[in-house]
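Here is what each chain is made of, one letter per residue.
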Amino acid sequence: MSISDWFKAREARRYTSAKGAPARGADLPDGVWVTCDSCKRIVYDGQLAENFRVCPSCGHHFDLTAHQRVELLADPGSFTEFDAGVTSTDPLGFVAAKPYVTSLASARERSGLPEAVVCGRATIGGHPVVLGAMDFRFIGASMGSAVGEKVTRTFEVALAERRAVVLSTASGGARMQEGMLSLMQMAKTSAAARRLAEERLPYLSVLTNPTMGGVTASFAVLADVILAEPGALVGFAGPRVIEQTIKQHLPKGFQTSEFLLEHGMVDEVVPRGQLPARVTLLLDYLVRGGEVA
Amino acid sequence: MKRRHVMDFERPLVELEDKLAELRSLDLAQNPELASEVESLAAQIDVLREETYASLSPWERVQVSRHPDRPKTQDYVAAICTDVIELHGDRTFGDDEAILAALATIDGHRVAVLGHRKGKNTSENIARNFGMVHPEGFRKAMRVMRLAEKFGLPLVTFIDTPGAYPGIEAEERGQAWAIAESLSLLSGLRVPVVAVGIGEGGSGGALAIGFGDRLIMLENAYYSVISPEACASILHKDAGKAAEVASCLSMTATDLVGLGIADEVLPEPAGGAHRAPEEVFGAVRARVATALRELGSVGSDELQERRYARLRAIGVIGSDEG
Ligand SMILES: [Zn+2]
C-alpha cells in the first residue's frame, strides 16, 4: 500500500462518520470535506490524503498522528514497534482541576495509543534506524516518565544495534502532572542522546507543530541535523507566557520554523512530502561517514 | 531603614517578636514583675515560632525560597569560597549576569562554581534579570563546564532561579538549544558535579546547571517542573490556586529525596536561611566538601557510568503488557 493509499484508507475510516462536517460538504454527494485551519477553504479529504495532509490551496500542514508519521517516514512494512507497554502511571497522585488518571484514560481512548510517543525499529531508504514519533493528541504529547523512558530506550537500542535515530517531535513540553519526574526526563533523554553522539551514530530530528518547552529544550534539538516542517511552532516558552512577561504582542511568524531557520536554529525547513527523501539522503551522508555505497 | 519582608504566614509571629524587642529595649531593672512577664512572652514566642515554622506547606516554602533576604549564590561564594576568580562571558554574545561563574576554593578543594545569580536590590535585579537566564548565560555556563573538565576541576553549582527568561530575544538566540546543550554537556562531564538547591528551582532554567553526582537541597528550597502559579493558571485557569497546586507538584526538598532525585535535605534555621545565614553557610560548606571528597576518589569513567545510571533510574512507569 502506498503512503497516499494508506492515508486515504485511514482518513476514510476516520471521517466517514465525522460530525461537524462543513455545511457545504453535506450538500455534496461524494467524499468528505474538511476546512483548512489556515486558509479556511474547504478541501476534499481525498485530495488532502493524497497530499500528505497538506492543504493543496495554502500549504498548511495538518497534524499527523504518530502512526501517520511512521507511515510517512519508514520504508513500507519495515516498522516494528517496541516498548508499546511502557506507559504512564500516576506516581504523585496528581489532582488539579481533574485527576491525572482521568486525563490519561481519556487520552488513551481518544488517541488509541498507550502513550504519547511510538517507537520502533525500521528502515528508511534502506538504512536501519530506530524511529520515534510523538502524538500531540495524547495530553499534548507532553513528556512524563513514560515518554522520557521510551525516548531514552530509543537512543539505547540504536546504540546497542548501531542504528541511526530519527525522531519526529511534537510536544507541549514537560508533563506537569508528574512534577519533577517529568523535568528530570529532560536530563535523562539528553544524556542518552549524548551517548549515541559519542559513538558517532547519526541522530536526525524532525520538528513538527508544535514542539515546545521541555522537549525542545532537551532531546529534540540535540540532533546532528534538525529539520522542521513549514509553519511549525517551535520554541522554549509559549507565546502567551512571553506576551504576559514582556507585555507586548509578538511579531508575526515568531517561533515558526522559518523564524528558526533565519536565526540559525534549524538546518532546513522541509515540506512534508519531501521529508522521506530528505531523511534518506541525510542518512546516506551520515550513516557510513560519507562512504558511497 | 530597609523595610523588612514579612511573609503572610509568619505575620502574627513577627508582630509578637517586634513587641518583645520593644519591651526588651526598656530598662526593666526597677520593674521585676514586668521583666518576668517579658520572659514569659519570650517563651510563648518560642513556642509559636516552633509551630509557625515546624511544618511549612509547600507553598509557604516557596515564599521562603523567594524571600528577598534569603542568601543568594554570591553570598555562598563569598562565605564558603576563598581565592575566588569570577569568569565572564560566553565568548560569542555577551556576559549574562544572571549566571555567576568562578574558579574558587572550598575547604581546600579547587573547583569551578556556577550559580544562578539574583540581585539583592532593584538595580541589581534589573542587571541580573531577577536570576532569569538568557541563552548566553547558559553558554557561559557551558564554557566554564568545559574549562572545569579540561583542567580536572570538580564543578559546584548553586540553583536559584524562577526559570529561564521567556522573552523575544531569548527565543531568537535559542533558549531551548542552550538549555538542551547544557543538559547534554553536564550529563557527560568527566569531573564530579555537586549541585546545591539554595532557593528557587524553576524548571529547565534550573535544570540546565542543576543536576550531577549529588543534589543537596536546602530545606526550604524548591525544584519544580513549572512554577505553581503557571501550573495553576494552566490547569485551573486561576493563578490564585498556586498554593493548592504547590502541594500536588512534589517540589519540596523532602519530596525530591523521596523521588530519588535529591540526596539529602539540609535543615534550615527556624524561619528560613535568612534568619541565620552563617549557620547555613557552614552546613553547606561541610556538605559540599564531604561530597567533593567522596567523589574525588571515583575514576572519571566510573563517575560517568554512575551519573548516567542515576539519571536513568529516575521516573515511574507502568507496564501494560506483563
Ligand atoms: Zn489551506
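Each value, and the rule that gives it
Residues numbered from 1 in each chain as written. Chains lettered and ligands numbered in written order. Predicted model: local features only at pLDDT ≥ 70, side-chain atom pairs only at ≥ 80, totals over all residues. Heavy atoms only, no water. Helix = DSSP H or I, 4+ residues; strand = E, 2+ residues; numbered from the N terminus. Buried < 20%, exposed > 50% of the residue type's maximum accessible area, 1.4 Å probe, protein only. Contact = heavy atoms within 4.5 Å. Areas by Shrake-Rupley, 256 points an atom, 1.4 Å probe, with all protein chains shown as cover. Domains from an automatic or database assignment. Buried area = accessible area lost by both parts, 1.4 Å probe. Salt bridge = Lys/Arg side-chain N within 4 Å of Asp/Glu carboxyl O. Polar contact = N/O pair within 3.5 Å; in protein donor to acceptor, adjacent residues only side chain to side chain. Nonpolar A, V, L, I, M, F, W, Y, C, P; charged D, E, K, R; others polar. Pairing = 2+ DSSP bridges. Axes fitted to C-alpha atoms, helices over the stretch in contact; angles between N-to-C directions. Phe/Tyr/Trp six-rings, centres within 6.5 Å; stacked < 30°, edge-to-face > 60°. Expected span 1.5 Å × (residues − 1). Arc of directions from axis to C-beta. Donors = N, O, S within 2.8 Å, 3.2 Å for Na, K, Ca; no water.

Trainee: Would you mind going over the overall build of chain A in detail, with residue names and values included?
Mentor: When helices and strands are tallied, chain A shows eleven helices and twelve strands. Relative to its 293 residues, chain A shows a buried fraction of 55%. The contacts in chain A between residues at least 6 apart in sequence include a share of 68% that link residues at least 24 apart. Carbon and sulfur atoms form 52% of the exposed surface of chain A, whose accessible area is close to 11,900 Å².

Trainee: Could you give an account of the domain arrangement of chain B, naming the residues involved and the relevant values?
Mentor: All names here are of chain B. Domain boundaries in chain B define domain 1 (8-55) and domain 2 (62-313). Each of domain 1 and domain 2 has a C-alpha centre, and these two points are 37 Å apart. Listed per partner, the contact involves seven residues of domain 1 and five residues of domain 2. In this assembly, domain 1 packs against domain 2 so that about 430 Å² is buried in total across both faces, 53% of it on carbon and sulfur atoms. On the domain 1 side of the interface with domain 2, the three residues burying the most area are Phe9, Glu10 and Tyr53, jointly 74% of the side's total. Between domain 1 and domain 2 we count two salt bridges in total. For Arg275, the salt bridge goes to Glu17, with nearest N and O atoms at 3.4 Å. Connecting domain 1 to domain 2 are two residue pairs in polar contact (both at pLDDT 80 or more). Counting only elements with at least two residues in the side of domain 1 that touches domain 2, the list comes to helix H1 (11-24) and helix H2 (32-54). Counted by class, the side of domain 1 that touches domain 2 contains four nonpolar, no polar and three charged residues.

Trainee: Could you give an account of the side chain of B:Gln74, with specific residues and numbers?
Mentor: Residue and element names in this part refer to chain B. Note on placement: Gln74 falls in helix H4 (residues 73-80). Among the polar contacts made by the side chain of Gln74, one reaches the main-chain carbonyl oxygen of Lys118 at a distance of 2.9 Å. Ignoring any residue separated from it by four or fewer positions in sequence, one finds Gln74 in contact with Leu100, Arg117, Lys118, Lys120, Glu124 and Arg128.

Trainee: Explain the pattern of salt bridges to me, and be specific about the residues and the numbers.
Mentor: Here the idea is simple: oppositely charged side chains can pair when their charged atoms come close. All names here are of chain A. Evaluation of the coordinates by the stated rule reveals 42 salt bridges over all chains. Notably, a salt bridge pairs Glu161 with Arg163, separated by 2.8 Å at the nearest N-O pair. Overall, the relative accessible area of 17% leaves Arg163 in the buried class.

Trainee: Go over the sheet that holds strand E2 (residues 99-106) of chain B with me, naming the residues and quoting the values.
Mentor: Residues and elements named next belong to chain B. The seven strands are arranged E1-E2-E3-E4-E5-E6-E7 in an open sheet whose pairing can be described as mixed. A strand with exactly one partner marks an edge of an open sheet, and here the two such strands are strand E1 (82-87) and strand E7 (264-266). Averaged over neighbouring strand pairs, the angle between their axes works out to 25° when direction is ignored. Pairing of strand E6 (residues 214-218) with E7, which is carried by three bridges, proceeds in the parallel orientation. Opposite Leu218, over in E7, you have Leu266 as the bridge partner.

Trainee: Could you give an account of the interface of chain B and chain A, naming the residues involved and the relevant values?
Mentor: Often the size quoted for an interface is simply the accessible area lost on bringing the parts together. In this complex, chain B contributes 52 residues to the contact, which on the side of chain A involves 61 residues. Taken over both partners, the interface formed by chain B and chain A buries close to 4,800 Å², and the fraction arising from carbon and sulfur atoms is 70%. Three residues stand out in chain B for area buried against chain A, namely B:Glu171, B:Trp177 and B:Tyr308, and they jointly supply 16% of the buried area on that side. For the pair chain B and chain A, the interface holds three salt bridges. The partner of A:Arg195 in a salt bridge is B:Glu305, with the nearest N and O atoms 3.0 Å apart.

Trainee: Kindly report on the packing of aromatic side chains, identifying the contributing residues and their values.
Mentor: All names here are of chain B. Using the criterion set out here, one finds six aromatic pairs over all chains in the structure. Residues Tyr76 and Phe158 carry aromatic rings whose centres are separated by 5.6 Å and whose planes lie at 25° to one another, so their mutual orientation is stacked. Within this pair, whereas Tyr76 is found in helix H4, its partner Phe158 is found in strand E4 (residues 155-161), the two being separated by 82 residues in sequence. The burial state of Tyr76 is the same as that of Phe158; both residues are buried. When the ring of Tyr76 is compared with that of Phe281, the centres are 5.0 Å apart and the planes differ by 85°; the resulting orientation is edge-to-face. Here Tyr76, found in helix H4, pairs with Phe281, found in helix H13 (residues 277-296); they are 205 residues apart in sequence, far enough to count as distant. By relative accessible area, Tyr76 is classed as buried at 0%. Three or more aromatic residues joined by ring pairs make a cluster, and in this case those are Tyr76, Phe158 and Phe281.

Trainee: Run through H1(B), naming residues and quoting values.
Mentor: All names here are of chain B. Compared with an ideal rise of 1.5 Å per residue, which puts 14 residues at 20 Å, H1 spans 20 Å between its outermost C-alpha atoms and is within 8% of the ideal. When we look at burial in H1, the residues that qualify are Leu13, Val14, Glu17 and Leu20. Taken around the axis of H1, the buried residues stretch over an arc of 120°, which confines them to a single face. Within H1, the exposed residues directed more than 90 degrees away from the buried face are Glu15 and Glu22.

Trainee: Lay out the coordination of the zinc ion with the relevant residues and their values.
Mentor: Residues and elements named next belong to chain A. For the zinc ion, the full set of protein donor atoms is Cys36 (SG), Cys39 (SG), Cys55 (SG) and Cys58 (SG), and the range of their distances to it is 2.3 to 2.4 Å. When the donor residues of the zinc ion are listed from N- to C-terminus, their spacing reads C-x2-C-x15-C-x2-C. What makes Cys36 buried here is its relative accessible area of 0%. Cys39 gets classed as partly exposed once you look at its relative accessible area, which sits at 24%.

Trainee: Please provide a residue-by-residue account of the pairing of E4(B), values included.
Mentor: Residue and element names in this part refer to chain B. When you tally the buried positions in E4, you get seven out of seven residues, the bulk of the element. Neither face of E4 is open: one carries Leu155, Thr157, Ile159 and Thr161, the other Val156, Phe158 and Asp160, and all of them are buried. Direction of pairing for strand E3 (residues 109-116) relative to E4: parallel, over a ladder of four bridges. Bridged to Leu114 within E4 is Thr157.

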